[in-house]
Amino acid sequence: VLQECTAVNLQLNGFRAEECEFWCGDWEGLSAALRPSQPFDLILTSETIYRPPCYGALLRIFSGTLGAGGRVLVAAKDYY
């Protein structure tokens, strides 16, 4: 899905997919694995806020990997 849909969608919207990093998996595991040598300018997420017990790990990812002036864009439903 990340390569076949997400990367293609980014390219269609003017981003260069080869300059992006795509990750999937458990939030705690991702939080431990993500230690970028250069902080991210933009973090895009979709359907990541439906489980309140995961908020802490998700916030650790954002705060630990986002550069100064960076943004997080979250796509989510209004109601679950």
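I will try to describe carefully the structure that is included in this document. (Residues numbered from 1 in each chain as written. Predicted model: local features only at pLDDT ≥ 70, side-chain atom pairs only at ≥ 80, totals over all residues. Heavy atoms only, no water.)

When helices and strands are counted, the chain shows 3 helices and 2 strands. Of the regular secondary structure in the chain, the N- to C-terminal order runs α-α-β-α-β. By principal-axis analysis of the C-alpha atoms, the chain measures approximately 35 × 35 × 25 Å. Buried residues in the chain amount to 21% of all 80 residues. For the chain, contacts bridging at least 24 residues in sequence account for 63% of all contacts bridging at least 6. Looking at the chain as shown, the accessible area adds up to about 6100 Å², and 55% of this sits on carbon and sulfur atoms. Counting 6 positive and 9 negative side-chain charges, the chain places the centres of these two groups 6 Å from one another. (Helix = DSSP H or I, 4+ residues; strand = E, 2+ residues; numbered from the N terminus. Buried < 20%, exposed > 50% of the residue type's maximum accessible area, 1.4 Å probe, protein only. Contact = heavy atoms within 4.5 Å. Areas by Shrake-Rupley, 256 points an atom, 1.4 Å probe, with all protein chains shown as cover. Lys, Arg positive; Asp, Glu negative; His and termini not counted. Charge placed at Lys NZ, Arg CZ, Asp CG, Glu CD.)

All right, on to the pairing of strand β1 (residues 40-46) then. The sheet contact formed by β1 and strand β2 (residues 66-75) spans 6 bridges and is parallel. Each residue of the ladder has a partner; that of L44, found in β2, is L73. Handedness of the crossover is the feature at issue here: the chain leaves β1, passes through helix α3 (residues 55-65), returns alongside β2, and the resulting connection is right-handed. (Pairing = 2+ DSSP bridges. Right-handed = clockwise from strand over helix to strand, strands pointing away.)

Before going further, it helps to examine unusual backbone geometry. If you check the backbone angles, E47 has positive phi at about 55° while not being a glycine. Residue placement: E47 occurs in the loop between β1 and α3.

Time to look at the nonpolar core. A general trend in soluble globular proteins is that nonpolar side chains are found buried together. L30, L34, F40, I43, L58, I61 and F62 form the largest nonpolar core, which has 7 residues in total. Counting residues per element, the ones that place at least two in this core are β1 and α3. Residue contributions to this core peak at 3 residues, all from α3. Beyond its immediate chain neighbours, meaning those up to four positions away, L34 contacts W23, F40, I61 and T65. (Core = buried A, V, L, I, M, F, W, Y, C linked by side-chain atoms within 4.5 Å.)

Note that L34 resides in the loop between α2 (27-33) and β1. Under the relative-accessibility criterion, L34 is labelled buried at 7%. For the pair L34 and T45, spaced 11 residues apart in the sequence, the C-alpha separation amounts to 15 Å.

Turning to the environment of G67, a few remarks are in order. Mapped onto the elements, G67 comes out in strand β2. You can call G67 buried: its relative accessible area is 16%. Taking C-alpha positions, G67 is 7.9 Å from Q38, a pair spaced 29 residues apart along the chain.

Treat this as a map of the structure, not an account of what it does.
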